Amino acid sequence: MNTAATKVSTTIALLTCLAFSAVGCSSPAPSDSSTIESEAPVVEQTEEAPEPVSLDGEWKQNNSNDPENNWQSATITGDVIEIYWVADAGDTKSLYWAGSVVTPEEGDSFTFDSANDTTKTDSAMLASSDPTKTFTFENDELSYEVTALGTTTTVRLSRE
């Protein structure tokens, strides 16, 4: 092959490589419209800490067959619950359950198992003798099962 032709081929190959590398590395010249970018301000979203769940307060049965004269009521204070049979339009109260309350840090619905406080229920004639009772909190209602005289029913309580 001819030396002059080889030099020309090599020169063309080098110029082609330089052209491609220059195009690959170059960036478009800035114009006024491309240098001004509108950036939306960064807004930090802070989540509010959920309020701790509290069942504290007075509760009354909302599904009694005789709501004027007989129902169950509960008092919850901290981690303690006491439930009473209420009769005679509120003149008579008998302990049904005394136990623990375990609430989660947050949540609109949950269940918990209450341990029976037998120091209170052992001497109460109408009290449950179950070692534990499962309670469900959902839709601002507290519910649990009651078995008396072989019949089981779900009692539903609402805050008073």
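This text goes with the structure placed above it.
Everything in this summary refers to the structure shown in the same document. (Residues numbered from 1 in each chain as written. Predicted model: local features only at pLDDT ≥ 70, side-chain atom pairs only at ≥ 80, totals over all residues. Heavy atoms only, no water.)

### Structural notes on the pattern of salt bridges
Turning to step 1, where the next piece is worked out: Scanning all chains against the criterion turns up 3 salt bridges.
Turning to step 2, where the next piece is worked out: A salt bridge links Lys120 to Glu82, with the nearest nitrogen and oxygen atoms 2.8 Å apart. Of this pair, Lys120 sits in helix α3 (residues 118–121) while Glu82 sits in strand β3 (residues 80–87); the two residues are 38 residues apart in sequence, bridging distant segments of the chain.
Turning to step 3, where the next piece is worked out: Classification of Lys120 by relative accessible area gives partly exposed; the value is 35%.
Turning to step 4, where the next piece is worked out: Measuring nitrogen to oxygen at the nearest pair gives 3.4 Å for the salt bridge that ties Glu141 to Arg156. (Salt bridge = Lys/Arg side-chain N within 4 Å of Asp/Glu carboxyl O. Helix = DSSP H or I, 4+ residues; strand = E, 2+ residues; numbered from the N terminus. Buried < 20%, exposed > 50% of the residue type's maximum accessible area, 1.4 Å probe, protein only.)

### Considerations on the sheet that holds β3
Strands belonging to one sheet form pairs held by backbone hydrogen bonds; the direction of such a pair is parallel or antiparallel.
Turning to step 1, where the next piece is worked out: With antiparallel pairing, the 8 strands of this open sheet are ordered in space as β4-β3-β2-β1-β8-β7-β6-β5. Two strands close off the open sheet at either side, each with one partner strand: β4 (92–100) and β5 (110–115). Each strand axis lies, on average, 25° off the axis of its neighbour in the sheet, ignoring direction.
Turning to step 2, where the next piece is worked out: Pairing geometry for strand β2 (residues 71–77) and β3, over 7 bridges, is antiparallel. Bridge pairing in β3 places Ala74 opposite Ile83. (Pairing = 2+ DSSP bridges. Axes fitted to C-alpha atoms, helices over the stretch in contact; angles between N-to-C directions.)

### Some remarks on unusual backbone geometry
Turning to step 1, where the next piece is worked out: In this model, Asp88 sits at a positive phi of 55°, which is unusual for a non-glycine residue.
Turning to step 2, where the next piece is worked out: Mapped onto the elements of the fold, Asp88 is located in the loop between β3 and β4.
Turning to step 3, where the next piece is worked out: One non-glycine residue with positive phi stands out, namely Asn139, at about 55°.
Turning to step 4, where the next piece is worked out: By the secondary structure assignment, Asn139 is in the loop between β6 (132–138) and β7 (141–148).

### Quick word on the pairing of β2
Turning to step 1, where the next piece is worked out: Extensive coverage of β2 is indicated by the burial of 5 of its 7 residues.
Turning to step 2, where the next piece is worked out: Taken together, the 4 bridges between strand β1 (residues 57–61) and β2 define a ladder with antiparallel strand orientation. Across the sheet, residue Gly57 finds its bridge partner in β2, namely Ile76.
Turning to step 3, where the next piece is worked out: Two successive antiparallel strands, β2 and β3, enclose a turn made up of 2 residues, where Gly78 displays a positive phi of approximately 65°.

### Section: the pairing of β4
Within a regular strand, the side chains alternate between the two sheet faces.
Turning to step 1, where the next piece is worked out: Direction of pairing for β3 relative to β4: antiparallel, over a ladder of 8 bridges. Residue pairing for β4: Val86 is matched across the bridge by Lys93.
Turning to step 2, where the next piece is worked out: Between the end of β3 and the start of β4, which pair antiparallel, lie 4 residues, with Asp88 showing a positive phi angle near 55°.

### As for the nonpolar core
Turning to step 1, where the next piece is worked out: Counting residues in hydrophobic clusters, the biggest one holds 19 residues, and the most contacted among them are Leu55, Trp59, Ile81, Ile83, Phe135, Leu142 and Tyr144.
Turning to step 2, where the next piece is worked out: At the level of secondary structure, the elements contributing two or more residues to this core comprise β2, β3, β4, β5, β6, β7 and β8 (151–159).
Turning to step 3, where the next piece is worked out: Setting aside residues no more than four positions away along its own chain, Phe135 makes contact with Ile81, Ile83, Trp97, Phe110, Thr111, Phe112, Ser114, Leu142, Ser143 and Tyr144.
Turning to step 4, where the next piece is worked out: Ranked by size, the runner-up nonpolar core spans 7 residues in total, among them Trp71, Leu95, Ala98 and Ala124. (Core = buried A, V, L, I, M, F, W, Y, C linked by side-chain atoms within 4.5 Å. Contact = heavy atoms within 4.5 Å.)

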